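# Structural overview for review
Spelled out, the chains give:
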Amino acid sequence: MRPPSYKAVVDEFAAAIRSGALPAGSRLPTHRALARERRIALATATRVYAELAAMGLVVGETGRGTFVREQSGFDGLEPSRALPVPRTADLSFNQPLAPGQAGLLRQALRALAATGDAEALLHQHPPGGRRRDRAVVATYLLDRGIDAAPRDVLLTGGTQQALDVVLRALTRPGDVLAVDALSYPGIRLLASAHGLDLAPVPVTPTGPDLDALDRLCRDRPVRAVYTMPTVHNPLGWVLDREQRDRLVAVARSRDCLIVEDGTYAFLDASPPPPVQALAPERTCYVAGLSKNVASGLQFGFAVLPAPHVERVTRSLRAAAWGAPGLVTALATGWLSDGTVTRLECDRREDAAVRQGIARAALDGMDVTAHPSAYTVWLGLEPHQRPDHVAAVLAGAGILVSTADAFATGPHRPQALRLALATPPVGQLPEVLRHVRAAIEAIPP
Ligand SMILES: Cc1ncc(COP(=O)(O)O)c(C=O)c1O
């Protein structure tokens, strides 16, 4: 077997440090020991540590060795969630990443650097992206069951920006936005930023209560319905064809816009058609490459009914013009050469493995999840207060989310949402055993 390249060793250490598998303060092997273990030259081992030090991940102390540095800023994404102890595992935010992806990035950057027209990357793209880049996304979307003209596809800096510009352009302050009573937290932030009145729709484990949605739209002037029909975050449901048809019928009869979020849709290999395909005249479909490629890429898109394209483009222009050229070049390269499709396929398998681990570790508990989703909704007993459980786990270095973050109405269920994608898969059984033990240790 060939010895690993020094970059592969750097990536491996960096991933272990960022995931918390190598906590702050851990002593790393001596240069000589590392060289022996990895069958690399001593000079290469020294280069590995020099690069990790330059990345701010380790520090060499003369005469003592090399240590993992404190990773402030890696306690989760929100400063308010800093942990009292070094982080062991993050079950609060899904950042799936396959082991070879840093290598893929290097390869793609080298290919970009070698293209004749590197200068083109320095030119401003039009808001919403160049026609040929939109066409690449439109072609990719055909596999998702969406048949859109490139001019109706806008490229954005992530799904959140796509949602932001759609709502900014197509709603007015005071408008009513119908959302599932448990939904993606970013929608609550946007509703508050745009002065929208969130109207929660009761949920069941298999989907929103569509009769309740119909009544809501009858009784209030609902401007838009935000929906995640395929692999819902946090409940993991996939609406069947009948539910989708019903949703569309309600939106049509009450003349509402539909905002369909397909962020996690790739995790179901053969879902029913997207709502966009059933009601293209009123559906704005948003998704991106955060969960299927890398959340740091911040590449997303919106597919719009033709009459709305101009307004949303103007709103995108008022934001940040959409996806940066360099990111677009990487994303469209991976979309056209099949890398994204391959990563999606691997992610489905990875998510199913993680889901299996979760089912085993949480056996007998109140779990709601899709068999290949990266999220688990874990119901708790009345005496197991979610904020208390989350605080106990934070004390052990494990970040989880409580139902509060997902509740769009006054009802706060007794539940946690566990995001399974971020910890190394080998660490997951132990972390979930710890979660279970922390919950079961609470006296009734
Ligand atoms: C359902 C859903 N929509 C949108 C987003 C935001 O995606 P992006 O990182 O592409 O902005 C997320 C991120 O977690 C999500 O879960």
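The name given to the chain in an unreviewed UniProt entry is PLP-dependent aminotransferase family protein, and the organism recorded there is Streptomyces sp. R44. UniProt's Sequence similarities (unreviewed entry) comment on the chain is quoted here verbatim: "In the C-terminal section; belongs to the class-I pyridoxal-phosphate-dependent aminotransferase family."

This part takes up the sheet that holds strand 18 (residues 415–419). The sheet built from four strands is open, its strands ordered 14-15-18-17 with antiparallel pairing. One side of each edge strand has no neighbouring strand; the edge strands of this open sheet are strand 14 (366–368) and strand 17 (401–402). Looking at chain direction, strand 14 and strand 15 (residues 375–379) are connected through three bridges and run antiparallel. Paired with Asp-366 across the bridge in strand 15 is Gly-379.

Strand order in the open sheet made by the seven strands is 5-13-12-11-10-6-7, with mixed pairing throughout. Across the chains shown, the open sheet's two edge strands, defined by having one partner strand only, are strand 5 (153–156) and strand 7 (197–201). Taken pair by pair, the neighbouring strands of this sheet meet at an average axis angle of 20 degrees, ignoring direction. Sheet analysis places strand 6 (residues 176–180) next to strand 7, joined by five bridges and oriented parallel. Within strand 7, the position partnered with Leu-177 by the bridge is Leu-198. Across the face of the sheet, helix 5 (residues 131–142) comes into contact with strand 5, strand 12 (283–288) and strand 13 (300–303) while running at roughly 105 degrees to strand 5.

A few words now on the site of the ligand. Neighbouring the ligand are Gly-158, Thr-159, Gln-160, Tyr-184, Met-228, Asn-233, Asp-261, Thr-263, Tyr-264, Ser-290 and Lys-291. At a separation of 3.2 Å, an oxygen atom of the ligand approaches a polar side-chain atom of Lys-291. If the ligand stood free it would expose 400 Å²; the protein chains cover 91% of that surface. Class assignment of the residues belonging to the shell around the ligand gives a composition of three nonpolar, six polar and two charged.

Here we take up the pairing of strand 5. Along strand 5, one buried face is formed by Val-153 and Leu-155 and the opposite face, lined by Leu-154 and Thr-156, is buried too. With four bridges joining them, strand 5 and strand 13 adopt antiparallel strand pairing. Note on strand 13: the bridge partner recorded for Val-153 is Val-303.

Turning our eyes to something else, we now look at empty space enclosed by the protein. Summed over the entire model, instances satisfying the criterion amount to two cavities of 30 Å³ or more. If you trace the second largest cavity, you find it lined by Ala-178, Val-179, Asp-180, Val-201, Pro-208, Leu-210, Leu-213, Val-225, Tyr-226, Thr-227 and Leu-247. For the lining of the second largest cavity, the elements supplying multiple residues, two or more each, are strand 6, helix 8 (210–219) and strand 10 (222–227). Residue composition of the lining of the second largest cavity, by class: nine nonpolar, one polar and one charged.

It is worth spelling out the packing of helix 8 against helix 9 (residues 241–253) at this point. At a minimum axis distance of 10 Å, the contact between helix 8 and helix 9 shows a crossing angle of 5 degrees. The angle between the axes of helix 8 and helix 9 places the two elements in the roughly parallel class. Judged by residue contacts, Leu-210, Asp-211, Leu-213, Asp-214 and Cys-217 of helix 8 engage Gln-243, Arg-246, Leu-247 and Val-250 from helix 9. Along the lines of polarity and charge, the residues of the contact of helix 8 with helix 9 split into five nonpolar, one polar and three charged.

Another point: the pattern of salt bridges. In this structure the tally under the stated criterion is 20 salt bridges. Linking Glu-344 and Arg-144 is a salt bridge whose minimum nitrogen-to-oxygen distance equals 3.7 Å. On the criterion of sequence distance, the pair formed by Glu-344 in helix 13 (residues 339–361) and Arg-144 in the loop between helix 5 and strand 5 is long-range, its members being 200 residues apart. Put simply, Asp-214 and Arg-246 hold a salt bridge, and the shortest N to O gap is 4.0 Å. Remark: Arg-246 occurs in helix 9 and Asp-214 occurs in helix 8; sequence separation between them is 32 residues.

Conventions and cut-offs
Chains are numbered independently. Their residues run from 1 in the order of the written sequence. In keeping with the predicted nature of the model, local features appear solely for residues at pLDDT of at least 70, side-chain atom pairs appear and are counted solely at 80 or more, and the whole-chain, interface and lining totals rest on all residues. Computation of side-chain values: all heavy atoms of the structure, hydrogens and water removed. UniProt positions are given in the numbering used here, feature names are shortened, and annotations may be inferred rather than shown by experiment. For two strands to be treated as a pair, DSSP must find no fewer than two bridges joining them. Secondary structure counts use DSSP, requiring at least four H or I residues in a row for a helix and at least two E residues in a row for a strand, with both numbered from the N terminus. Convention adopted: a line fitted to C-alpha atoms gives each axis, helices being fitted over their contacting stretch, and angles between N-to-C directions are expressed from 0 to 180 degrees. For this analysis, residues touch if any pair of their heavy atoms sits within 4.5 Å. To be near a molecule or strand, a residue needs just one of its heavy atoms within 4 Å of it. Contacts described as polar in this section are N or O atom pairs within 3.5 Å, which, within protein, must combine one atom able to donate a hydrogen with one able to accept it, while residues neighboring in sequence count only if both atoms come from side chains. The Shrake-Rupley method, run with a 1.4 Å probe, gives the accessible areas here. Residue values count only the displayed protein chains as cover. For this classification, Asp, Glu, Lys and Arg are treated as charged, while Ala, Val, Leu, Ile, Met, Phe, Trp, Tyr, Cys and Pro are nonpolar and the rest, including Gly, are polar. Throughout, exposure labels follow a simple rule: accessible area from a 1.4 Å probe, protein chains only, divided by the maximum for the residue type, with under 20% read as buried, over 50% as exposed, and the rest as partly exposed. Only protein atoms enter the 1 Å grid used here, on which a cavity is any set of points holding a 1.4 Å probe that cannot leave and a pocket is any open set flanked by protein within 12 Å on both sides along at least five of seven lines; residues with an atom within 4 Å of a point are listed as lining. Grid points are joined across faces, edges and corners, and a volume is the space filled by probe spheres set on the points. Here is the rule for angles: anything less than 35 degrees is roughly parallel, anything more than 145 is roughly antiparallel, 65 through 115 is roughly perpendicular, and the remaining ranges are oblique. Salt-bridge detection follows one rule: a side-chain nitrogen of Lys or Arg within 4 Å of a carboxyl oxygen of Asp or Glu.

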